[in-house]
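Coordinates in review
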Amino acid sequence: MTLVVAKADAGSRQPPETIVFPVLGPTTYTDDFGQPRGGGSHQGIDMLAPKRALALAAEAGTVKFWTHSATAGCMLYLYGSSGTTYYYIHLNNDLTKRNDNRGKCVAGTAYAKGLKNNAKVSAGQVIGYVGDSGDANGIHPHLHFELHPSGGRAVDPYRWLHSGQHLLFAAPRGMPFTLELRGTVASTTDEGIRLRAGSVAAWPMGQRQTKLGRRLLVVVPSSATVQTVKKWGVPGTPTDLASAQRGQAVDIWTAAAPTTIKAERGDDSALGASLVSLLAR
């Protein structure tokens, strides 16, 4: 995918040091920026992901729909508050799980449900769905992602992707959410439990991720229930956090709380537990 843009002016603003990783959930990508392609060198990185995986705003800004490119297919510009412009290319145009090409470049199909052209968005907000529109038709669904400092020439986005903030879930700011985190105990503190999270399920969004490999510090207030169970999903025996052993399997349900970017990122102490279940050894 090759798009020609103007060169940035001298003294142009720089992208943020860290962006929100632009896809929620599992992705596969390599640094294929600059590789030879049919129309010239590759101006972005192709990120393979499941069809209709959620595409997220890399930073706060304004979105613009682009629906008139045979090569890009359903495309979106994100004009970031840092002055950086991001291109989201080959968004979804299918109405079923098959490659039917029956959909249009509209909200609910290519762009996030309810999202309007020229809308302001927050960092991490859902803005679209991964697909294979344009000249990616019939290829594995992927997001072609470009990064243009100050709206100028594309630069290799690999380092921003490599250091990007992977969200646990994505929801409108302020929307109540609950998470189920499953993993193993890394340690306990006076305020809570640090776990090696292997999976997360988010409600009521119905989002689920596996193979997280994330260390999360979850606050366990005195009002939370801590129990030992013989298997998941059955009533357990009351216990206390001090009984938790390193490496012990643990399942945590968080208390219902309003969505914040800190909670979405899983920042230390941004999540509070309502139920902690330790699998008996």
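Note that this is a predicted model, so its numbers are computed, not measured.

1. Side note on the overall build of the protein
Counting its regular elements, the protein contains 2 helices and 18 strands. Out of the 281 residues belonging to the protein, those deemed buried represent 47%. A fraction of 67% describes how many contacts in the protein between residues 6 or more apart in sequence connect residues 24 or more apart. Carbon and sulfur atoms provide 53% of the accessible area of the protein, an area that totals close to 13300 Å². Taken together, the 29 basic and 20 acidic charged side chains of the protein have centroids lying 5 Å from each other.

2. Side note on the pattern of salt bridges
Applying the stated criterion across every chain yields a total of 8 salt bridges. Notably, a salt bridge pairs glutamate 264 with arginine 173, separated by 2.6 Å at the nearest N-O pair. Of this pair, glutamate 264 sits in helix H2 (residues 261-265) while arginine 173 sits in the loop between helix H1 (158-162) and strand S11 (176-188), and the two are 91 residues apart along the sequence. Glutamate 180 is the salt-bridge partner of arginine 182, the closest N and O atoms lying 3.1 Å from each other. Arginine 182 gets classed as partly exposed once you look at its relative accessible area, which sits at 30%. According to the relative accessible area criterion, glutamate 180 is buried, its value standing at 16%. Each of Asp32, Arg37 and Asp46 takes part in a single network of salt bridges with overlapping partners.

3. As for the state of the cysteines
Across all of its chains, the model carries 1 disulfide by this definition. Between the sulfur of cysteine 74 and that of cysteine 105 lies a disulfide, 2.1 Å long from S to S. Across the S-S bond linking cysteine 74 and cysteine 105, the dihedral sits near -80°, which makes this disulfide left-handed. Within this pair, whereas cysteine 74 is found in strand S6 (residues 73-80), its partner cysteine 105 is found in the loop between strand S7 (85-91) and strand S8 (120-121), the two being separated by 31 residues in sequence.

4. A closer look at the confidence of the model for the protein
When the pLDDT values of the protein are averaged, the result is 93; 96% of them are 70 or greater. Across residues 1-10, where pLDDT falls below 50, the model places 33 contacts with residues more than four positions away in sequence or in other chains.

5. Details of the sheet that holds strand S5 (residues 61-69)
Strands sit in the order S3-S10-S7-S6-S5-S8 across an open sheet of 6 strands; the sheet is antiparallel. Where the open sheet ends on each side, the last strands, each with one partner, are strand S3 (45-48) and S8. One ladder, built from 5 bridges, connects S6 with S7; its direction is antiparallel. Note on S7: the bridge partner recorded for cysteine 74 is leucine 91.

6. What about the nonpolar core?
Most often, soluble globular proteins have nonpolar side chains that are buried together. If you look at the biggest cluster of nonpolar residues, it comprises 40 residues, and the most contacted ones within it are Val63, Leu76, Leu78, Tyr88, Tyr111, Leu115 and Phe145. Breaking this core down by element, the ones donating at least two residues are S3, strand S4 (54-56), S5, S6, S7, strand S9 (126-129), strand S10 (142-148) and H1. Ranked by size, the runner-up nonpolar core spans 27 residues in total, among them Leu179, Ala197, Val226 and Val276.

7. Brief notes about the packing of aromatic side chains
Counted according to the given criterion, the structure contains 9 aromatic pairs. Seen in terms of ring centroids, tyrosine 77 and tyrosine 79 are 6.0 Å apart; in terms of plane orientation they differ by 10°. Their pairing is stacked. On the basis of relative accessibility, which here comes to 35%, the residue tyrosine 79 falls in the partly exposed class. Where tyrosine 77 meets tyrosine 87, the ring centres are 4.8 Å apart and the plane angle is 85°; that geometry is what we call edge-to-face. Taken as a pair, tyrosine 77 in strand S6 and tyrosine 87 in strand S7 lie far apart in primary sequence, 10 residues in all. We classify tyrosine 87 as buried; its relative accessible area is 6%. Taken together, the ring pairs in this structure connect Trp66, Tyr77, Tyr79 and Tyr87 into an aromatic cluster. Above the plane of the ring of tryptophan 160 lies arginine 159, whose end atom (NZ or CZ) is 3.9 Å from the centre.

Thresholds, definitions, all that
- Residues numbered from 1 in each chain as written.
- Predicted model: local features only at pLDDT ≥ 70, side-chain atom pairs only at ≥ 80, totals over all residues.
- Heavy atoms only, no water.
- Helix = DSSP H or I, 4+ residues; strand = E, 2+ residues; numbered from the N terminus.
- Buried < 20%, exposed > 50% of the residue type's maximum accessible area, 1.4 Å probe, protein only.
- Contact = heavy atoms within 4.5 Å.
- Areas by Shrake-Rupley, 256 points an atom, 1.4 Å probe, with all protein chains shown as cover.
- Lys, Arg positive; Asp, Glu negative; His and termini not counted.
- Charge placed at Lys NZ, Arg CZ, Asp CG, Glu CD.
- Salt bridge = Lys/Arg side-chain N within 4 Å of Asp/Glu carboxyl O.
- Disulfide = S-S within 2.5 Å.
- pLDDT = per-residue confidence, 0-100.
- Pairing = 2+ DSSP bridges.
- Core = buried A, V, L, I, M, F, W, Y, C linked by side-chain atoms within 4.5 Å.
- Phe/Tyr/Trp six-rings, centres within 6.5 Å; stacked < 30°, edge-to-face > 60°.
- Lys NZ or Arg CZ within 6 Å of the ring centre and 35° of its normal.

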